[in-house]
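Commentary on secondary and tertiary structure
This is what each chain is made of:
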Amino acid sequence: MHTVNPGCEILGGHGNVAARAIVRLTTADGFVGVSETYGNEQVISDLNRRSKLVERMDPYKRKPLELQIRDPMTSNAFETALYGLNGRVHGKPVYSLLGGVVRDKVEFSGYLF
C-alpha cells in the first residue's frame, strides 16, 4: 500500500502577479502527485495547516479528507494531487481513473505570467 509521506509541500508562486499555490504529495516509494490552486496567504496557510490530514493517509480515501477539510478550494487542491499520485502509482493517466476519455480534443485558453 502506498501512503502519502509526511511533509507534503505547499509552494506559493507569482504572488505579485497572480497568486498561485502548488501542492506536491509524495509517497514513501517516490510516486508524486501535483496540483495547482489559488494561493494568497490565507489559502497557503490553510493548505499548510491541513497538510497534516494528508500525511500517512491512504490516497484512495479522498472523501473522508474532503469531509474533514470542508473547504472546497483546499480539499480540491489535495484531491487533484491525490488523483495524479494514484495515476502514477498505476501507470495510468488520470482520465482513466475518472471513467475514461470522452473526446480526443479539448479547446482551451491559457495565460502567461
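Here we summarise the structure given alongside this text. (Residues numbered from 1 in each chain as written. Predicted model: local features only at pLDDT ≥ 70, side-chain atom pairs only at ≥ 80, totals over all residues. Heavy atoms only, no water.)

**With respect to a nonpolar patch on the surface**
A contiguous nonpolar surface patch, about 230 Å² in accessible area, is contributed by Val 94, Leu 97 and Leu 98. Its place among the elements puts Val 94 in helix 4 (residues 94–97). Assessed through its relative accessible area of 32%, Val 94 is described here as partly exposed. (Patch = residues over 30% accessible without salt bridge, like charges linked within 9 Å, V, L, I, M, F, W, Y side chains within 5 Å. Areas by Shrake-Rupley, 256 points an atom, 1.4 Å probe, with all protein chains shown as cover. Salt bridge = Lys/Arg side-chain N within 4 Å of Asp/Glu carboxyl O. Helix = DSSP H or I, 4+ residues; strand = E, 2+ residues; numbered from the N terminus. Buried < 20%, exposed > 50% of the residue type's maximum accessible area, 1.4 Å probe, protein only.)

**Quick look at the packing of aromatic side chains**
Applying the stated criterion across every chain, the model contains zero aromatic pairs. Arg 62 extends its terminal NZ or CZ atom over the ring of Tyr 83, reaching a point 4.0 Å from the ring centre. (Phe/Tyr/Trp six-rings, centres within 6.5 Å; stacked < 30°, edge-to-face > 60°. Lys NZ or Arg CZ within 6 Å of the ring centre and 35° of its normal.)

**Let's talk about the nonpolar core**
Val 23, Leu 25, Leu 47, Val 54, Leu 65 and Phe 78 are the most contacted members of the largest nonpolar core, which totals 16 residues. Every element with two or more residues in this core is listed here: strand 2 (20–26), helix 1 (41–54), helix 2 (62–69) and helix 3 (72–90). Among the elements that take part in this core, helix 3 stands out by supplying six residues, more than any other. (Core = buried A, V, L, I, M, F, W, Y, C linked by side-chain atoms within 4.5 Å.)

**Remarks on helix 3**
With 19 residues, helix 3 extends 26 Å from end C-alpha to end C-alpha; this agrees with the ideal 27 Å at 1.5 Å per step. Of all the positions in helix 3, only Thr 74, Ser 75, Ala 77, Phe 78, Ala 81, Leu 82, Tyr 83, Gly 84, Leu 85, Asn 86, Gly 87 and Val 89 are classed as buried. Backbone geometry just after helix 3 places Gly 91 at a positive phi near 65°. (Expected span 1.5 Å × (residues − 1).)

**Some remarks on the environment of Ser 51**
Looking at where Ser 51 falls in the secondary structure, it is placed in helix 1. For Ser 51 and Phe 78, which are 27 residues apart along the polypeptide, the C-alpha to C-alpha distance reads 8.5 Å.

**Details of the pairing of strand 3 (residues 32–38)**
Strand direction decides the pairing type here: strand 2 and strand 3, joined by seven bridges, are antiparallel. The residue bridging Arg 20 from the neighbouring strand is Tyr 38, located in strand 3. Connecting the antiparallel pair strand 2 and strand 3 is a turn made up of five residues, with Gly 30 showing a positive phi of about 95°. (Pairing = 2+ DSSP bridges.)

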